[in-house]
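Given next are the chains, with one letter for each unit.
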Amino acid sequence: MPSADTPRRSERSRAAILQATQELIREQPYGKISIEGIAARAKVGKQTIYRWWRSKGALVVDTLHEQNAAGAQEAMALPDTGDLAADMRLVLRATVDEFTSPDFEPLFRALSIESLQDPELQEQIVERIYRPQFEFVAARFRSAQDAGQVRPDIDLTLAFELFMAPMFYRWQSGAHPLTHDHADAVVDLAMRALAP
């Protein structure tokens, strides 16, 4: 029969695994991170990790989700100054900075590649990372509709994709540089498409 402190031990182990993964993400390229290395850093057995996560990718996505949650919801909210174009310039410029950051870019690229071959991981990324962010995106775009800056009949998902899809394309293809100037040009074109 399990002892009374088994749930506490399990939670301690889970927290240690997430902490170890977070540390290794900062220290090593994604390809060099292993379940064995995480287990050793967390001082748990590999079977303990596999009890909660089916793969390294799933564990890394959960770690990123936990980091986002710890960063508080306001960190995910889009700015709302009353000027959607100005706010989206800030968002897209921040996206450029993130996508070109040596701390972020290799990890996100590796996860993107892995998710193309692993539908479950792809769904986890959508559910744990993208969907929570889109709730804040939708709120900002509804505010813009209320202010008369965006057509009332526009699909909010499509509206946001007008801004983000060109950023992802440049980042993934490498065909052209991803810059603040490009971000500003995307905002100008998207706003023209969305204007009433």
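Fair warning: this is a prediction, and the values are worked out from it, not measured in the lab.

A.B. asks: Which residues make up helix α8 (residues 156-173), and what are the values?
C.D. replies: For α8, with 18 residues, the first-to-last C-alpha span of 26 Å sits near the 26 Å given by 1.5 Å per residue. Of the positions making up α8, those classed as buried are Leu156, Ala159, Phe160, Phe163, Met164, Met167 and Trp171. Contacts from the buried residues of α8 go to α5 (84-99), α6 (105-116), α7 (119-146) and α9 (180-194). Among the residues of α8, the N-terminal cap falls to aspartate 155, whose side-chain oxygen and the backbone nitrogen of threonine 157 are separated by 3.0 Å. Of the residues one or two after α8, glycine 174 is the one with positive phi, at around 70°.

A.B. asks: Describe the packing of α7 against α8, with residues and values.
C.D. replies: For any two helices packed against each other, one specifies the crossing angle of their axes together with the interaxial distance. Running from amino to carboxyl end, α7 crosses α8 at an angle of 115°, the nearest separation of the two axes being 9 Å. The interaxial crossing formed by α7 with α8 has right-handed handedness. The residues of α8 that touch α7, namely those facing Tyr130, Phe134, Val137, Ala138, Phe141, Arg142 and Gln145, are Leu156, Thr157, Ala159, Phe160, Phe163 and Phe168. Across the contact of α7 with α8, the residue classes break down as ten nonpolar, two polar and one charged.

A.B. asks: Now, about the packing of α8 against α9: what can you tell me, with residues and values included?
C.D. replies: Contact geometry for α8 and α9: axes closest at 9 Å, N-to-C directions at 150°. Classed by the angle they form, the pair α8 and α9 counts as roughly antiparallel. The two elements α8 and α9 cross, and the hand of that crossing is right-handed. On α9, the residues touching Ala159, Leu162, Phe163, Pro166, Met167 and Arg170 of α8 are His182, Ala183, Val186, Val187, Ala190, Met191, Ala193 and Leu194.

A.B. asks: With reference to specific residues and values, describe the packing of aromatic side chains.
C.D. replies: Evaluation of the coordinates by the stated rule reveals eleven aromatic pairs. With a centroid separation of 6.5 Å and 50° between ring planes, the pair formed by phenylalanine 108 and phenylalanine 168 is classed as tilted. Taken together, the residues phenylalanine 108 in helix α6 and phenylalanine 168 in helix α8 connect sequence positions 60 residues apart. A residue is classified by how much of its surface remains accessible, and phenylalanine 108, at 11% relative accessible area, is buried. The exposure class of phenylalanine 168 is partly exposed, given its relative accessible area of 24%. Grouping aromatic residues by their ring pairs yields a cluster made of Phe99, Phe104, Phe108, Phe168 and Trp171. Between the NZ or CZ atom of lysine 56 and the centre of the ring of tyrosine 30, over which it lies, the distance is 4.0 Å. One Lys or Arg, arginine 109, reaches over the ring of tryptophan 171 and ends 4.3 Å from the middle of that ring.

A.B. asks: I'd like to hear about unusual backbone geometry, residue by residue, with values.
C.D. replies: Positive phi outside glycine occurs at lysine 43, with the angle close to 60°. With respect to the helices and strands, lysine 43 occurs in the loop between α2 (35-42) and α3 (46-52).

A.B. asks: Tell me about the nonpolar core, and name the residues and values.
C.D. replies: Nonpolar side chains in soluble globular proteins generally cluster together in the buried interior. Formed by 29 residues in total, the largest nonpolar core has its most connected members in Met88, Leu92, Phe141 and Phe163. For this core, the secondary structure elements donating two or more residues are α5, α7, α8 and α9. Ranked by size, the runner-up nonpolar core spans 25 residues in total, among them Ala42, Val44, Leu111 and Ile125.

A.B. asks: Now, about the confidence of the model for the protein chain: what can you tell me, with residues and values included?
C.D. replies: This prediction gives the protein chain a mean pLDDT of 87; 91% of its residues lie at or above 70. At the low end of the mean pLDDT range in the protein chain sits helix α4 (residues 56-70), at 82; at the high end sits α9, at 96. Confidence drops under pLDDT 50 across residues 1-5; counting only partners more than four residues distant or on other chains, this segment forms one contact.

So, how was this worked out
- Residues numbered from 1 in each chain as written.
- Predicted model: local features only at pLDDT ≥ 70, side-chain atom pairs only at ≥ 80, totals over all residues.
- Heavy atoms only, no water.
- Helix = DSSP H or I, 4+ residues; strand = E, 2+ residues; numbered from the N terminus.
- Expected span 1.5 Å × (residues − 1).
- Buried < 20%, exposed > 50% of the residue type's maximum accessible area, 1.4 Å probe, protein only.
- Contact = heavy atoms within 4.5 Å.
- Polar contact = N/O pair within 3.5 Å; in protein donor to acceptor, adjacent residues only side chain to side chain.
- Axes fitted to C-alpha atoms, helices over the stretch in contact; angles between N-to-C directions.
- Left-handed = near helix turned anticlockwise from the far one by under 90°.
- Nonpolar A, V, L, I, M, F, W, Y, C, P; charged D, E, K, R; others polar.
- Parallel < 35°, antiparallel > 145°, perpendicular 65-115°, else oblique.
- Phe/Tyr/Trp six-rings, centres within 6.5 Å; stacked < 30°, edge-to-face > 60°.
- Lys NZ or Arg CZ within 6 Å of the ring centre and 35° of its normal.
- Core = buried A, V, L, I, M, F, W, Y, C linked by side-chain atoms within 4.5 Å.
- pLDDT = per-residue confidence, 0-100.

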